[in-house]
Amino acid sequence: MKRELVLVIDFGGQYNQLVARRVRESNVYCEIYSYKVAMQKIKELNPKGIILTGGPNSCYEEGAATCEKELFECGVPVLGLCYGAQLMQYVLGGNVEAAPTREYGKTEIVVDITSPLFSNVSEKTVCWMSHNDYISALAPGFKSVAHSDECPVAACENREKNLYGIQFHPEVLHTAEGKKMLRNFVIDVCGCSGDWKMDFFVEESIKAIREKVGDGKVLCALSGGVDSSVAAVLLSKAIGNQLTCV
């Protein structure tokens, strides 16, 4: 079975690993790459969709993490989250500036339930906001599909080009229907089949380890943390007595 891929582009936000987890919980494989990844690499990976994460900066500041305009013109659905949504608008000709009122915490928003992002989502739903800037003017071709009392663009879309932005954080549990929104993007917008399982990743990882190690020996420094423990288990399953843990 050919593996479908969704790319999560990391702009330095605190929830980026959680974004990837939510995608995988929708039975879609994803990988995280730095925002510095080259467009050529993205094209080679041939993703079904791209998600831009949150980040700590203001996208209009000099030296802020950014991306090429070409990312939004390559025919792949893109979803921007918080900073990612602001960056999408800024790069494509919209306006982002300091918000008159900062939003932080649980916030009720009103969504356009005709948007693919909000299929089977309640018209009024609670989300988790955490932003100092806001989208004050949308880029050409976009429309607002969600708002709160303080934020006129809590979500936006250019459905013709499959470009979407969400100002809040659907990946956290505080957003009541966030999992549903992310699933709507990867399944309905990106067209992923949703038949990937974590078991497939384990099988592929074991196969890759065996091919790389061959007849060699491996020394694994095991700290007892999650990362080293998972690595040790995979190595043990792949190469058995060729492994020494210390």
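In case you missed it, the structure is sitting above this.
One numbering rule holds for all chains: residues counted from 1, following each sequence as written. A pLDDT threshold of at least 70 governs which residues receive local features in this predicted model, and a stricter bar of 80 or more applies before side-chain atom pairs are shown or counted, although totals over entire chains, interfaces and linings include all residues. Values shown for side chains rest on all heavy atoms present in the structure; no hydrogens or waters enter the calculation.

Student: Which parts of the structure should I look at to understand the overall build of the protein chain?
Tutor: The secondary structure listing takes helices from DSSP runs of H or I that are at least 4 residues long and strands from runs of E that are at least 2 residues long, numbered from the N terminus. For the protein chain, the count of helices and strands is 6 helices and 11 strands. Relative to its length of 246 residues, the protein chain is compact, with a C-alpha radius of gyration of 20 Å against a globular reference of 18 Å. C-alpha atoms of the protein chain, sized along the principal axes, occupy 60 × 40 × 35 Å. Across the 246 residues of the protein chain, 49% fall into the buried class. Across the protein chain, every contact between residues at least 6 apart in sequence was considered, and the portion connecting residues at least 24 apart equals 70%. When the accessible surface of the protein chain is totalled, it reaches about 12,400 Å², and 48% of it is carbon and sulfur. With C-alpha atoms as the basis for the radius of gyration, the globule rule is written as 2.2 Å multiplied by the number of residues raised to the power 0.38. Exposed residues in this analysis have more than 50% of their type's maximum accessible area, buried residues have under 20%, and partly exposed residues fall in between, with area computed by a 1.4 Å probe over protein chains only. In what follows, residue pairs with any heavy atoms lying within 4.5 Å of each other are defined as contacts. Note on areas: Shrake-Rupley, 1.4 Å probe, and residue coverage restricted to the protein chains presented here.

Student: It is not clear to me how the pattern of salt bridges should be interpreted in this structure. Could you clarify?
Tutor: Note on pairing: side chains with opposite charge can pair once their charged atoms come close. Here, a salt bridge means any side-chain nitrogen of Lys or Arg that lies within 4 Å of a carboxyl oxygen of Asp or Glu. Following the criterion strictly, the structure yields 6 salt bridges and no others. Arginine 21 is the salt-bridge partner of glutamate 25, the closest N and O atoms lying 3.2 Å from each other. Of this pair, glutamate 25 and arginine 21 both sit in helix α1 (residues 16-25), 4 residues apart, which is roughly one turn of the helix. Among the ionic contacts, a cluster of salt bridges with common partners joins Arg21, Arg22, Glu25 and Lys179.

Student: Which parts of the structure should I look at to understand the nonpolar core?
Tutor: Most often, soluble globular proteins keep nonpolar side chains buried together rather than apart. The definition of a nonpolar core used throughout is a set of buried Ala, Val, Leu, Ile, Met, Phe, Trp, Tyr and Cys residues joined through side-chain atoms within 4.5 Å. Core analysis: the largest hydrophobic core is formed by 33 residues, its most contacted members being Val6, Ile51, Leu79, Ile109, Phe118, Phe168 and Phe185. At the level of elements, β1 (6-10), α1, β4 (78-81), β5 (95-111), β6 (124-137), β7 (143-147), β9 (163-166) and α4 (178-189) are the ones that each hand at least two residues to this core. One finds Leu7, Leu52, Val78 and Leu92 within the second-largest nonpolar core, a separate group that totals 30 residues.

Student: How do you make sense of the pairing of β7 when you look at a structure like this?
Tutor: Walk down a regular strand and you will see the side chains alternate between the two sheet faces. Judged from the 2 bridges that link them, β5 and β7 form a sheet pairing that is antiparallel. If you follow valine 110 over to β7, its bridge partner there is histidine 147. Two elements, β7 and strand β8 (residues 155-158), share 3 bridges in a ladder whose sense is antiparallel. Its bridge partner being in β8, alanine 146 is matched across the sheet by alanine 155. DSSP-based pairing: two strands are paired if at least 2 bridges between them are found.

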